[in-house]
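# Residue-level structure breakdown
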Amino acid sequence: MTQIATRTRTAVTLSDAAARRLNAISAEEGRQMMLRVAVDGGGCSGYRYTFDLVDAAEADDLKVERDGAAALVDAISLALLNGSEIDFADELAAAEFRVKNPNAKSSCGCGVSFSI
């Protein structure tokens, strides 16, 4: 269970559940897929998380790895995500990636948007 966060000391972490889901997606796709997590302005609370599956990192990305899986965070979003954990929840209502962000002062009911 190696956890690596390059560029910044443990700026963002990847949960075991998120790593397992990313590895399952990569196996289904037949190639290594990474989860890009970013923060955009908007949403009902001021900022919103966006998630995308990609197969290559950008030059300024923070790459977070765990058990062969990887997530990417761009340099601009990192300031709002510092100290966060990227998680995956598979519940009755939805199966989704989530961000546990200690910087968020409040968030909306769906968990996709937040305020600082």
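No experiment lies behind these values; they were computed from the predicted model shown.

### Notes on the nonpolar core
In terms of nonpolar packing, the biggest core is built from 25 residues, with Val12, Leu14 and Leu81 touching the most fellow members. Among the elements that line this core, the one with the most residues is helix H1 (residues 16-29), at 5 residues.

### Observations regarding the side chain of Asp87
Note that Asp87 resides in strand E7 (residues 84-90). At 3.3 Å, the side chain of Asp87 forms a polar contact with the side chain of Lys100. Once residues within four sequence positions are removed from consideration, Asp87 is found in contact with Ser15, Ala17, Ala18, Glu96, Phe97, Arg98 and Lys100.

### Overview of unusual backbone geometry
What is expected of a backbone is that most residues other than glycine have negative phi and most peptide bonds are trans. One non-glycine residue, Asp67, lies in positive phi territory at about 50 degrees. Counting through the fold element by element, Asp67 comes out in the loop between strand E5 (62-66) and strand E6 (69-73).

### Describing the environment of Val54
Within the secondary structure, Val54 is located in strand E4 (residues 47-54). Once you skip the residues sitting within four places of it in the chain, Val54 turns out to touch Gln32, Met33, Met34, Arg36 and Leu72.

### Re the confidence of the model for the protein
The share of residues in the protein with pLDDT of 70 or more is 78%, and the mean pLDDT across the chain is 83. Here residues 1-9 is modelled with pLDDT under 50, and outside its nearest four sequence neighbours on either side it reaches 27 contacts, counting other chains as well.

### Observations regarding the pairing of E6
Here E6 lies mainly inside the structure; 5 of its 5 residues are buried. Here E6 shows two buried faces, one formed by Ala69, Ala71 and Val73 and the other by Ala70 and Leu72. The sheet contact formed by strand E3 (residues 34-41) and E6 spans 3 bridges and is parallel. Looking across to E6, one finds that Val37 is bridged to Val73. Alignment of E5 against E6, held across 5 bridges, turns out to be antiparallel.

### What to know about the sheet that holds strand E2 (residues 12-14)
Strands sit in the order E2-E7-E8 across an open sheet of 3 strands; the sheet is mixed. Here the strands that pair on one side only, and so sit at the sheet edges, are E2 and strand E8 (95-100). Each strand of the sheet is rotated relative to its neighbour by a mean of 25 degrees, with strand direction disregarded. Of the strand pairs in this sheet, E7 and E8 are connected by 6 bridges, and their pairing is antiparallel. The residue bridging Glu85 from the neighbouring strand is Lys100, located in E8. Lying over the sheet, H1 contacts E2, E7 and E8, oriented at roughly 65 degrees with respect to E7.

Conventions and cut-offs
- Residues numbered from 1 in each chain as written.
- Predicted model: local features only at pLDDT ≥ 70, side-chain atom pairs only at ≥ 80, totals over all residues.
- Heavy atoms only, no water.
- Core = buried A, V, L, I, M, F, W, Y, C linked by side-chain atoms within 4.5 Å.
- Buried < 20%, exposed > 50% of the residue type's maximum accessible area, 1.4 Å probe, protein only.
- Helix = DSSP H or I, 4+ residues; strand = E, 2+ residues; numbered from the N terminus.
- Polar contact = N/O pair within 3.5 Å; in protein donor to acceptor, adjacent residues only side chain to side chain.
- Contact = heavy atoms within 4.5 Å.
- pLDDT = per-residue confidence, 0-100.
- Pairing = 2+ DSSP bridges.
- Axes fitted to C-alpha atoms, helices over the stretch in contact; angles between N-to-C directions.

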